[in-house]
Number of protein chains: 2
Amino acid sequence: MKARQAEIVAAIDACFAESLGNWQQVPVVDAMRHALRGGKNLRAFLAMESAALCGIPDVQSVWPAAAIEAMHAYSLVHDDLPCMDDDALRRGQPTVHVKWDEATAVLAGDALHSLAFELASAPQGSADPDVRATLAHTLAQAAGGQGMVLGQALDIAAESAARPLTLDEITHLQAGKTGALITWAALVGPRMARADEAPLRRYAEALGLAFQIQDDVIDVTGDVAAAGKAVGKDAAAGKATFVSLLGLDGAKRRADTLVTQACDALSVYGGKAQSLQQLARFVIARAT
Amino acid sequence: MKARQAEIVAAIDACFAESLGNWQQVPVVDAMRHALRGGKNLRAFLAMESAALCGIPDVQSVWPAAAIEAMHAYSLVHDDLPCMDDDALRRGQPTVHVKWDEATAVLAGDALHSLAFELASAPQGSADPDVRATLAHTLAQAAGGQGMVLGQALDIAAESAARPLTLDEITHLQAGKTGALITWAALVGPRMARADEAPLRRYAEALGLAFQIQDDVIDVTGDVAAAGKAVGKDAAAGKATFVSLLGLDGAKRRADTLVTQACDALSVYGGKAQSLQQLARFVIARAT
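Quick notes on the rules
- Residues numbered from 1 in each chain as written.
- Chains lettered and ligands numbered in written order.
- Predicted model: local features only at pLDDT ≥ 70, side-chain atom pairs only at ≥ 80, totals over all residues.
- Heavy atoms only, no water.
- Helix = DSSP H or I, 4+ residues; strand = E, 2+ residues; numbered from the N terminus.
- Rg over C-alpha atoms; globule rule 2.2 N^0.38 Å.
- Buried < 20%, exposed > 50% of the residue type's maximum accessible area, 1.4 Å probe, protein only.
- Areas by Shrake-Rupley, 256 points an atom, 1.4 Å probe, with all protein chains shown as cover.
- Lys, Arg positive; Asp, Glu negative; His and termini not counted.
- Charge placed at Lys NZ, Arg CZ, Asp CG, Glu CD.
- Salt bridge = Lys/Arg side-chain N within 4 Å of Asp/Glu carboxyl O.
- Expected span 1.5 Å × (residues − 1).
- Contact = heavy atoms within 4.5 Å.
- Polar contact = N/O pair within 3.5 Å; in protein donor to acceptor, adjacent residues only side chain to side chain.
- Buried area = accessible area lost by both parts, 1.4 Å probe.
- Nonpolar A, V, L, I, M, F, W, Y, C, P; charged D, E, K, R; others polar.
- Least-squares fit on C-alpha atoms with pLDDT ≥ 70 in both.
- Core = buried A, V, L, I, M, F, W, Y, C linked by side-chain atoms within 4.5 Å.
- Phe/Tyr/Trp six-rings, centres within 6.5 Å; stacked < 30°, edge-to-face > 60°.
- Lys NZ or Arg CZ within 6 Å of the ring centre and 35° of its normal.

Comments concerning the overall build of chain A
Phase 1 of the analysis: Each helix and strand in chain A was counted, giving 16 helices and two strands.
Phase 2 of the analysis: Over its C-alpha trace chain A gives a radius of gyration of 18 Å, about what one expects of a compact globule, namely 19 Å for 288 residues.
Phase 3 of the analysis: The dimensions of chain A, computed from C-alpha atoms along their principal axes, are 50 × 50 × 35 Å.
Phase 4 of the analysis: For chain A, the residues scored as buried account for 57% of the 288 residues in total.
Phase 5 of the analysis: Accessible area of chain A: about 10900 Å², with a carbon and sulfur share of 53%.
Phase 6 of the analysis: A gap of 4 Å separates the mean positions of the 25 positive and 33 negative side-chain charges of chain A.

See the structure below:
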């Protein structure tokens, strides 16, 4: 999995270099490159492994994979803004508004957001225009006001709510905030190959929830150096999390069950799904 | 032209109502509706008239027309943020961060941005997937780091530059900042009909520049009540504008020449292009 991950990171980097290479270089473009560096590239891995499972070659799937990383990077840049989570550290580096300024962070996020759609609909990704249109359309739905942005809006509303969120409410919030992009990434393969989406959708929905539970676990048990970002913020803010609702052991057990469900959902693919199953186990073992 | 404009505004409003109708209603969605209201809908008019010129019915062209209005609305919401232009008034109403707060303005802008791509690639717009993919792909290029965002970034850089911009530099800046979306709107027709883009591209490039010159004229001669937004800001900031470089009369003459060029570019369409030619004349007659 390490070797495959290095291969994917190299492919994504080359895709961004090609996309941004002949652009007019202004500070916003430097800030975009900064925001794209140093991540886990989990969503790109999901997209390219889902594509490989469906017989789509890397040279094509790298385009939607880069798209989902650009989308994720934009969401982090805007999330870190002073008026949002006000974070100074991300992926072990200063956030964009700290290294540059707020205006550059707003604009770099906006440009990454548009770039995501440029990459998702790129002719290099698929010769089939129906695939390109579907990738762009579903990406907009996953990122927008009923997907990721809805999750972020519910998260902000929870901070000033009269009572902490229930487990159902947090699950709904997270399905938007992190689940929607993770699911889009996992469905890249069947969408590009026009194959059955059901097994990868079940996998992604369980994985997305496990991912968020682990994020809450890291917020409690992690340290800044390992996580590369601020930790302990949710507990300090008195926010309901999977850990506050289920307890630390309960949250870990729930994540474990979800990962088993995610792996089982791919049994139809046999041994070919091994790396996606490994990825699911990595998600709850990670410290960052 | 008044009647047609009313028809287009009604169609766009219905399209947004359909798109946002069954969404979970959170404050961010209220803020999106607020940001979409009260504009001139100039870009929607351009898109739908360009489409009509190419034989595309309103029931289809309203989708890309709504897309470009969503994109324009997002850019205004983010442009008005305290870290950007810091404006409290827009379209005669309080800006989103004033009526709600900064976080809601960032998220509402982000959701409008994604919505633009959802609408541009909507199956209701075209049954031809190649058209949907092309509309999404070109919209991303027009809005992104080599289009609108580049223009905004150059505009911010100009504020702290050692010398004022030259006429060529301002023209380049404006081609991104306002020109790219105006051109995209004007090309909706030939892109949907797979017709020759050249006449409408020449029209749009002249019109976009005339539009920006008139914006600079309004900033000097307009009043807040008529404009529905702050005026006199550029002069107060000592920024180079078309008016500071060409003089007020020189700027008006230049806009006039550009509008004549824009109208001439459509002569190939004969009388059918009348409303787009009227629109061009309106652009330099407007006070808002």
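Further notes follow.
Digging into the pattern of salt bridges
Opposite charge on two side chains makes pairing possible when the charged atoms of those side chains draw close.
Phase 1 of the analysis: Considering all chains together, one arrives at 28 salt bridges over all chains under this definition.
Phase 2 of the analysis: The partner of D128 of chain A in a salt bridge is R194 of chain A, with the nearest N and O atoms 2.9 Å apart. Of the two residues, D128 of chain A is situated in the loop between α6 (102-120) and α7 (129-143) and R194 of chain A in the loop between α10 (188-193) and α11 (198-221); the sequence distance between them amounts to 66 residues.
Phase 3 of the analysis: For R194 of chain A, a relative accessible area of 54% puts it in the exposed group.
Phase 4 of the analysis: Between D155 of chain B and K239 of chain B there is a salt bridge, with its nearest N and O atoms 3.2 Å apart. Taken as a pair, D155 of chain B in helix α8 (residues 148-159) and K239 of chain B in the loop between α13 (233-237) and α14 (242-246) lie far apart in primary sequence, 84 residues in all.
Phase 5 of the analysis: Bridged by salt links that share partners, the residues R4, E7, E49 and D58 of chain A form one connected network.

Quick notes on helix α15 (residues 248-265) of chain A
All names here are of chain A.
Phase 1 of the analysis: Between its terminal C-alpha atoms α15 stretches 26 Å, which fits the 26 Å expected from 18 residues at 1.5 Å a residue.
Phase 2 of the analysis: Of all the positions in α15, only G250, A251, A255, L258, V259, A262, C263 and A265 are classed as buried.
Phase 3 of the analysis: Its buried side turned inward, α15 meets α11, α14 (242-246) and α16 (274-285).

Thoughts on the side chain of H72 of chain B
Residue and element names in this part refer to chain B.
Phase 1 of the analysis: Tracing the backbone shows H72 in helix α4 (residues 58-79).
Phase 2 of the analysis: Its relative accessible area of 13% is what places H72 among the buried residues.
Phase 3 of the analysis: Among the polar contacts made by the side chain of H72, one reaches the side chain of R43 at a distance of 3.2 Å.

Remarks on the environment of T221 of chain A
All names here are of chain A.
Phase 1 of the analysis: For T221, the position within the fold is in helix α11.
Phase 2 of the analysis: A relative accessible area of 47% places T221 in the partly exposed class.
Phase 3 of the analysis: Taking the C-alpha atoms as reference points, T221 and V59, 162 residues apart in sequence, are found 39 Å from one another.

As for the interface of chain B and chain A
Reports often express the size of an interface as the amount of accessible area lost when the parts come together.
Phase 1 of the analysis: Across the boundary between the two partners, chain B contributes 42 residues, which contact 41 residues of chain A.
Phase 2 of the analysis: A combined buried area of about 3500 Å² lies between chain B and chain A, and 69% of that area is made up of carbon and sulfur atoms.
Phase 3 of the analysis: At the junction of chain B and chain A, the tally comes to two salt bridges.
Phase 4 of the analysis: Where R132 of chain B meets D130 of chain A, a salt bridge forms, and the shortest distance between an N and an O atom there is 3.3 Å.
Phase 5 of the analysis: On the surface where chain B and chain A come into contact, there are 15 residue pairs in polar contact (both at pLDDT 80 or more).
Phase 6 of the analysis: For the side of chain B that touches chain A, the secondary-structure elements that each account for two or more residues are α2 (27-36), α4, α6 (102-120), α7 (129-143) and α8 of chain B.
Phase 7 of the analysis: Looking at the side of chain B that touches chain A element by element, the count peaks at 10 residues for α6 of chain B.
Phase 8 of the analysis: Classifying every residue of the side of chain B that touches chain A gives 25 nonpolar, 12 polar and five charged.

Examining the relation of the copies chain B and chain A
Phase 1 of the analysis: Note on the copies: chain B fits chain A at an RMSD of 0.0 Å, the axial shift is 0.0 Å, and the rotation between them is 180°. Interpreted geometrically, this transformation is the action of a two-fold axis. Closest approach to the rotation axis within chain B is made by the C-alpha atom of A133 of chain B, at a distance of 2.1 Å.
Phase 2 of the analysis: Taken as a fraction of all interface residues of chain B, those also at the interface in chain A reach 98%, which identifies the copy contact as same-surface.

Considering the nonpolar core
Phase 1 of the analysis: With 201 residues, the main nonpolar core has Y203 of chain A together with M32 and Y203 of chain B as its most contacted residues.
Phase 2 of the analysis: Once residues lying within four places of it in the same chain are set aside, the contact partners of Y203 of chain A are L46, A186, A262, A265, L266, L276, L279 and A280 of chain A.

A look at unusual backbone geometry
Phase 1 of the analysis: With a phi close to 55°, N41 of chain A is a non-glycine residue in the positive phi region.
Phase 2 of the analysis: Turning to its location among the elements, N41 of chain A is positioned in the loop between α2 (27-36) and α3 (42-53).
Phase 3 of the analysis: Within the chain, R194 of chain B stands out as a residue other than glycine whose phi angle is a positive 50°.

Some points on the packing of aromatic side chains
Phase 1 of the analysis: Scanning the model with the defined rule gives one aromatic pair over all chains in all.
Phase 2 of the analysis: The ring of F211 of chain A has R286 of chain A sitting right over it, with the charged end atom 4.0 Å from the ring centre.

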